[in-house]
Amino acid sequence: MWYIAVAGRSEGPYGREDIIRMLENGELGKNNLVFSRGMINWSPIGSVPEFQEDVESEPWTPPVPVTSISSGRASHEIDFEIHGEEMQFVEIELDPQESVVAEAGSMMFMENGIEMNTIFGDGSAEGESKGLMGKLFDAGKRVLTGESLFMTVFTNMGSGKQHVSFSSPYPGKIIPVDLKEVDGKLVCQKDSFLCAAKGVSVGIDFRKKIGVGLFGGEGFIMQKLEGDGLAFIHSGGTVTRRELAPGETLKVDTGCLVALTKDVNYDITFVKGIKSVVFGGEGLFFVTLTGPGSVWLQSLPFSRLAARILAGASGARKEEGSVLGGLGNMIDGK
């Protein structure tokens, strides 16, 4: 008995004669996907030995993924569910032949029908069209953002829905972003990317202003996610999304910025007042964000969490972020 894939759904069962009749009537073509017991994966009719004599003799070309036909997206259209409160993980549901791309080492668990493959680049259509040197160059750019040279693609090679999950590296929230709803581009901090539907391009965004590069907390390089699929980023503590009107400005601690849409202007402002600089404990600079657009902010940057843990272990004073804290440590001998 045979099953055929129609608009992302499985229809059948059909007998071999039914499939041949639909081929003769033009209801099916050689690129339609079929599946039967004993097969490892869904395959185009033109590549199945039982039907090769019944299809046209012209060369076979790989079909467009079934999910893309129904969704109108270049990226794979995936379903998801986020579990947990403080230590979250995202569970991705994949239809047959759907894929998700993730950072190496972020996978939590996957079901038996999922196949894992390590690649250079991000698995997007643009990346796949590049040669070896192009992929090596892209992988090198990823190193500048603090990420691994490699990414991992998880593909559902089974006949039904399968699940794969990815977890946050530290306490916080996982943020799902549909890139199609933010005009196809999202700029985020260097280590925030978790996973995305295959087809999403993961690159770098170069901050050209010298002040932003030297004092912005994230340096000259930030991550850039482009495409029309779902992407998942993670943040520390609680996350909030702010919508900025044209010309509206928001001053943010340099470590609390998680992501921003492409139209938001990003700059650095010096903290005014000598007392604020010396005793404020907030650092010398703020990030200045000017609309229009959306920004995502986190309440607990990982760097702040790590600093508090180290301070607690060493017995540092609460004012460790200012000159006052250093003076106090000298007085009490710490």
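Quick caveat: nothing in here was measured; it's all calculated off a predicted structure.

Here we take up the environment of Thr-254. Topologically, Thr-254 is positioned in the loop between β19 (249-253) and β20 (257-261). What makes Thr-254 buried here is its relative accessible area of 18%. Each C-alpha atom, one on Thr-254 and one on Phe-285, is 7.2 Å from the other, the two residues being 31 residues apart in sequence.

Under the criterion given, the structure shown has six salt bridges. Residue Lys-161 pairs with Asp-95 through a salt bridge whose shortest N-O separation is 2.5 Å. With Lys-161 in the loop between β10 (150-156) and β11 (162-167) and Asp-95 in the loop between β6 (89-94) and β7 (99-103), this pair connects stretches of sequence that are 66 residues apart. Between Glu-243 and Arg-241 there is a salt bridge, with its nearest N and O atoms 2.7 Å apart. Note on Arg-241: relative accessible area 45%, which makes it partly exposed. In this structure, a network of salt bridges that share partners links the residues Glu-93, Asp-95 and Lys-161.

What follows deals with the nonpolar core. Among the nonpolar cores identified, the biggest contains 20 residues, and Val-177, Leu-179, Leu-186, Leu-225, Ile-233, Ala-259 and Trp-296 are the most heavily contacted of them. Setting aside chain neighbours within four positions, we find Leu-225 in contact with Leu-179, Gly-184, Lys-185, Leu-186, Cys-188, Phe-193, Val-200, Ser-201, Val-202, Ala-231 and Ile-233.

One pass over the full model with this rule turns up three aromatic pairs. Look at Phe-80 and Phe-232: their rings are 5.0 Å apart centre to centre, the planes differ by 75 degrees, and that puts the pair in the edge-to-face class. Here Phe-80, found in strand β5 (residues 79-83), pairs with Phe-232, found in strand β17 (residues 230-236); they are 152 residues apart in sequence, far enough to count as distant. Residue Phe-232 is classed as buried on the basis of its relative accessible area of 0%.

For the rest of this paragraph, the subject is the pairing of β11. Across the six residues that make up β11, a large majority, five, are buried. By the bridge criterion, six bridges tie β6 to β11 in an arrangement that is antiparallel. Note that in β11 the partner of Leu-94 across the bridge is Gln-162. Pairing of strand β8 (residues 107-110) with β11 involves three bridges; the strand directions are antiparallel. Residue pairing in the sheet places Met-107 in a bridge with Phe-166 of β11.

Across the junction of Gly-291 and Pro-292, the peptide omega takes the value 15 degrees, indicating a cis bond. Mapped onto the elements of the fold, Pro-292 is located in the loop between β22 (285-290) and β23 (293-298). We note that Gln-97 has phi near 75 degrees; this positive angle belongs to a residue other than glycine. Of the residues examined, Gln-97 reaches a relative accessible area of 27% and is grouped as partly exposed. For Asp-183, which is not a glycine, the phi torsion comes out positive at approximately 60 degrees. Relative to the helices and strands, Asp-183 resides in the loop between β12 (172-178) and β13 (185-188). The exposure class of Asp-183 is exposed, given its relative accessible area of 55%.

A word on the sheet that holds strand β21 (residues 265-270). One open sheet holds the three strands; their spatial order is β19-β22-β21, and the pairing between them is antiparallel. If you trace the sheet from one side to the other, it starts and ends with β19 and β21, each paired once. Direction aside, neighbouring strands of the sheet carry axes that sit 30 degrees apart on average.

Regular strands place their side chains on alternate faces of the sheet. In terms of burial, β20 is a largely internal element, five of the five residues being buried. Bridge count for β13 against β20 is three bridges, and the pairing is antiparallel. The residue bridging Cys-188 from the neighbouring strand is Ala-259, located in β20. Sheet topology note: the β20/β23 ladder contains three bridges and is antiparallel. Looking across to β23, one finds that Leu-257 is bridged to Leu-297.

About the criteria used
- Residues numbered from 1 in each chain as written.
- Predicted model: local features only at pLDDT ≥ 70, side-chain atom pairs only at ≥ 80, totals over all residues.
- Heavy atoms only, no water.
- Helix = DSSP H or I, 4+ residues; strand = E, 2+ residues; numbered from the N terminus.
- Buried < 20%, exposed > 50% of the residue type's maximum accessible area, 1.4 Å probe, protein only.
- Salt bridge = Lys/Arg side-chain N within 4 Å of Asp/Glu carboxyl O.
- Core = buried A, V, L, I, M, F, W, Y, C linked by side-chain atoms within 4.5 Å.
- Contact = heavy atoms within 4.5 Å.
- Phe/Tyr/Trp six-rings, centres within 6.5 Å; stacked < 30°, edge-to-face > 60°.
- Pairing = 2+ DSSP bridges.
- Axes fitted to C-alpha atoms, helices over the stretch in contact; angles between N-to-C directions.

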